[in-house]
Every structure is written in C-alpha cells, then in structure tokens.
Amino acid sequence: MQSSITNTPARYGWAMIILHWLIGIIFIGQFVLGVVMVRIESQRMSFELIQLHKSFGFLLLGLIILRIAWRLGNAVPVLPASVGTLERRAAPLAHFALYAFQIALPLSGWALVSVSTLEIPTMPFNQFVMPNLPLTESDAAEGFWSAAHWYLAYAGIALVALHIVAALRHHFLLRDSVLKRIITPSSDGE
C-alpha cells in the first residue's frame, strides 16, 4: 500500500507527520537556543544567536499556521478504544494549548523586538528585513514583552514535556497506537 499525504481515520498522513516533528524539533531547539544565547559572554556570538533565534521563530510561526490550516482541512484520526473518557476530553484541550503556545511565543518575541529601543532590524536567515509590529517603543514595553516571552517559553516547554510523557506512556505502558499514528503514515487503503 502506498503511504498517503493526508490523514485517514486511523493514522496521520505524511504532511501532518512532517509538520509535527519539524515543529517539535524547532520548538525544543528554540528553547535551548534561547537559554544559551542570553548566557554567552561574547557579544558578537550572542548577537548572531539572537538573530538565528528570531529567524527560527518566524519559521516556527509560519509552520504552525500551516499545520493548523492543514489540521482544519483534514480528518483527525480517531483515538483507540483503549483511551479513556477523561483523556478523550483532555486531548483536544492539550493540542489547542500546544498550538496556542506555539503561536504566542513567536508573536511575543516579534512584539519584543518591535518595542525594543535598540532598533536592531530583524533579518530572517539574512534574507530580508522583517517589519516590526506597529507597537510603541519603550523600556517599559520591552520589559513587559521580555517577561511575557520568558514565561511563555517555560510554560510552553513544560507543556511539550507533558505531551512527550503522555505519548511515551501510551507507547510503553498502555501499548496502544497513539504514538505510532504520528510516526508511521497512513496508507491509501487504510
């Protein structure tokens, strides 16, 4: 059977699998990069890492918007019968929260650079200048958006960790197909 790009009632297709793992890797990588870039003593290296962090932030924002659009246009595979009622109700809320954090984090970062009094242009992957959001520059606004970005990052990574633990629980303890659905694509005949 040929693998499908779209989802089936049992599994996710290639498009959702690739977006899931790419977004997951970038999201975790962004957290690590964010922690490292503010602790580097070299100003030049810190500046380069901040620019890289901003570039991947815009990429993440674009990918998550694409993923949400794809999800809205495709069926979501049904959870296995082994999944209890509480988990069935919690799963959509958890996914909504993941999407919300993955949108809020890049937007808060964009707001942060937009209100910065340093006025350093953002050039995603050194390709073009990304315009700032229409926000007023001020130290107070920069402090607010800096704190918001920091809190969102830590809350978001905690939510991702919980998501990973839940997936591993399904795979190793419950031995159901929840994790396999996002690893192995659907087939045309499924």
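Refer to the structure above for everything that follows.
Just so it is clear, the model here is predicted, and its values are computed rather than measured.

Caption draft 1: Main features of the overall build of the protein chain. Check the secondary structure of the protein chain and you find four helices and zero strands. Starting at the N terminus, the α and β elements of the protein chain follow one another as α-α-α-α. A burial count over the protein chain gives 37% of its 190 residues as buried. Within the protein chain, residue pairs in contact and separated by at least 24 positions form 74% of the contacts whose partners lie at least 6 positions apart. Taken as a whole, the protein chain presents about 11,300 Å² of accessible surface, with 70% of it coming from carbon and sulfur. Looking at the protein chain, you have 12 positive and 10 negative side-chain charges, and the mean spots of the two groups are 16 Å apart.

Caption draft 2: Broad picture of the packing of aromatic side chains. For the structure on display, the rule yields six aromatic pairs. An angle of 80° between the planes, with centres 5.0 Å apart, marks the rings of phenylalanine 144 and tryptophan 145 as edge-to-face. Among the residues examined, tryptophan 145 registers a relative accessible area of 26% and is labelled partly exposed. Taking 4.5 Å as the distance between ring centres and 40° as the angle between the ring planes, the aromatic pair formed by tryptophan 150 and tyrosine 154 counts as tilted. With a gap of four residues between them, tryptophan 150 and tyrosine 154 both fall in helix α4 (residues 139-173), about one helical turn apart. These aromatic residues form a ring-pair network of at least three members: Phe31, Trp150, Tyr151 and Tyr154.

What counts as what
By convention here, each chain's residues receive numbers from 1 onward along its written sequence. The predicted nature of this model means local features are confined to residues of pLDDT at least 70 and side-chain atom pairs, given and counted, to a pLDDT of 80 or more, with totals for whole chains, interfaces and linings taken over all residues. For the side-chain quantities, the full set of heavy atoms in the structure was used; hydrogens and water were omitted. Only runs of H or I of at least four residues qualify as helices and only runs of E of at least two qualify as strands under DSSP, and these elements are numbered from the N terminus. The rule is simple: take the accessible area with a 1.4 Å probe, protein chains only, and divide by the maximum for that residue type; under 20% is buried, over 50% is exposed, in between is partly exposed. The contact criterion used throughout is that any non-hydrogen atoms of two residues lie within 4.5 Å. Methods summary: accessible areas were calculated by the Shrake-Rupley approach with a probe of 1.4 Å, and residue burial reflects only the protein chains presented. As used throughout, the charge tally considers Lys and Arg to be positive and Asp and Glu to be negative, leaving His and the chain termini uncounted. We put the charge of a Lys on NZ, of an Arg on CZ, of an Asp on CG and of a Glu on CD. Pairs were defined over the aromatic rings of Phe, Tyr and Trp, the Trp ring being its six-membered one, requiring ring centres within 6.5 Å. Orientation was assigned from the angle between planes: stacked under 30 degrees, edge-to-face over 60, tilted for the rest.

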